[in-house]
Amino acid sequence: LIMMVTLTGTTFAQQEKYDLILKLKDIIIEIQNQGELGFRNFALCSKIITMGHYVALPEPKVKAGTEELLVYIEPANIFTSTQEGRYEIWITQDILLLDEEGKLLFEKTDAISAHFNTATPLLDIYLPNTLYMSTLPVGKYIYKAVLHDVLKGATATKTIDFEVVE
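Everything numeric here is computed off the predicted structure, so don't read it as measured data.

Peer 1: I'd like a description of the pattern of salt bridges, backed by residues and values.
Peer 2: Side-chain pairs of opposite charge can arise where the charged atoms are in close proximity. This structure, assessed with the given rule, holds 2 salt bridges. One network of salt bridges, with partners in common, ties together Arg40, Glu74 and Asp124.

Okay, structure coming up:
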């Protein structure tokens, strides 16, 4: 009987902590929902492992003939809809490639779509981008990412210059 009381007490204490954590997450969501959609991290990479774990290029240069260019993106302040104990986020991203004068060379609308409806909130996500570029000639380019927060109706844009070298 004593052991049962102890287990129940421990379980109750753990549930209280979990409830407190959920309340704190809800406060974070309120703050994020009031913020402007943007980019927390935006980096050209040689490798993307997972959220917050990537190998950034030492400089924005890629050798001609390289198969792919990786771009690590962490959006900031994605709107979270909370209804009936569920948390929903929905973000899409367009990818554009421009030459150094700003002429559009490639465009992929809704290249990435992240739509989640979960029992617990997703506070941070990352969007790994891959630009297949083995035929891209030597020159200077602009990689442009356009985020669309579908639920909030907001858009954010960010660019990064890079160069294809011999």
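Back to the text.
Peer 1: How would you sum up the environment of Tyr87? Please name residues and give values.
Peer 2: Structurally, Tyr87 is set in strand β6 (residues 86–99). What makes Tyr87 buried here is its relative accessible area of 11%. Each C-alpha atom, one on Tyr87 and one on Leu122, is 7.8 Å from the other, the two residues being 35 residues apart in sequence. Those residues in contact with Tyr87 that lie beyond four places of it in its chain are Asp26, Ile29, Thr80, Ser81, Thr82, Phe116, Asn117, Thr118, Ala119, Thr120 and Pro121. A distance of 2.9 Å separates polar atoms of two side chains, one belonging to Tyr87 and the other to Asp26.

Peer 1: I'd like a rundown of the sheet that holds strand β8 (residues 127–132), residues and numbers included.
Peer 2: Ordered in space as β2-β1-β4-β8, the 4 strands form an open sheet in which the pairing is antiparallel. Only two strands of the sheet have a single neighbouring strand rather than two, namely β2 (53–56) and β8. Averaged over neighbouring strand pairs, the angle between their axes works out to 50° when direction is ignored.

Peer 1: Mind laying out the packing of aromatic side chains, listing which residues take part and the relevant values?
Peer 2: Scanning the entire structure with this criterion turns up 4 aromatic pairs. Measuring from centroid to centroid gives 4.1 Å for Tyr54 and Tyr72, while their planes differ by 25°, and the two rings are stacked. With Tyr54 in strand β2 and Tyr72 in strand β4 (residues 68–76), this residue pair connects regions lying 18 residues apart in the sequence. Exposure remark for Tyr72: the relative accessible area of 0% places this residue in the buried category. Judged by centre distance (5.6 Å) and plane angle (20°), the rings of Tyr72 and Tyr126 are stacked. In this pair, Tyr72 sits in strand β4 while Tyr126 sits in the loop between β7 (104–118) and β8, placing the two residues 54 residues apart along the sequence. Given a relative accessible area of 25%, Tyr126 falls into the partly exposed group. Pairwise contacts between aromatic rings join Tyr54, Tyr72 and Tyr126 into one cluster.

Peer 1: Let's hear about a nonpolar patch on the surface: which residues, and what values?
Peer 2: Together, Leu20, Leu24, Ile27 and Ile31 make up an exposed nonpolar region whose accessible area comes to about 390 Å². Within the secondary structure layout, Leu24 lies in helix α1 (residues 2–34).

Peer 1: Could you give an account of the pairing of β4, with specific residues and numbers?
Peer 2: Along β4, 8 of the 9 residues are buried, which leaves the element largely enclosed by surrounding structure. The pairing of strand β1 (residues 38–50) with β4 spans 7 bridges and is classified as antiparallel. Across the sheet, residue Asn41 finds its bridge partner in β4, namely Glu74. Sheet topology note: the β4/β8 ladder contains 6 bridges and is antiparallel.

Peer 1: If you had to explain empty space enclosed by the protein to someone new, which residues and values would you point to?
Peer 2: For the structure on display, the rule yields 1 cavity of 30 Å³ or more. Taken as a whole, the largest cavity encloses approximately 70 Å³ of empty space. If you trace the largest cavity, you find it lined by Gln32, Arg40, Pro75, Asn77, Ile78, Thr80, Ile89, Leu122, Leu123, Asp124 and Ile125. Residue composition of the lining of the largest cavity, grouped by class: 6 nonpolar, 3 polar and 2 charged.

Scoring rules and cut-offs
- Residues numbered from 1 in each chain as written.
- Predicted model: local features only at pLDDT ≥ 70, side-chain atom pairs only at ≥ 80, totals over all residues.
- Heavy atoms only, no water.
- Salt bridge = Lys/Arg side-chain N within 4 Å of Asp/Glu carboxyl O.
- Helix = DSSP H or I, 4+ residues; strand = E, 2+ residues; numbered from the N terminus.
- Buried < 20%, exposed > 50% of the residue type's maximum accessible area, 1.4 Å probe, protein only.
- Contact = heavy atoms within 4.5 Å.
- Polar contact = N/O pair within 3.5 Å; in protein donor to acceptor, adjacent residues only side chain to side chain.
- Pairing = 2+ DSSP bridges.
- Axes fitted to C-alpha atoms, helices over the stretch in contact; angles between N-to-C directions.
- Phe/Tyr/Trp six-rings, centres within 6.5 Å; stacked < 30°, edge-to-face > 60°.
- Patch = residues over 30% accessible without salt bridge, like charges linked within 9 Å, V, L, I, M, F, W, Y side chains within 5 Å.
- Areas by Shrake-Rupley, 256 points an atom, 1.4 Å probe, with all protein chains shown as cover.
- 1 Å grid on protein atoms, 1.4 Å probe; cavity = no way out; pocket = protein on both sides within 12 Å on 5 of 7 lines; lining within 4 Å.
- Points joined across faces, edges and corners; volume = space filled by probe spheres on them.
- Nonpolar A, V, L, I, M, F, W, Y, C, P; charged D, E, K, R; others polar.

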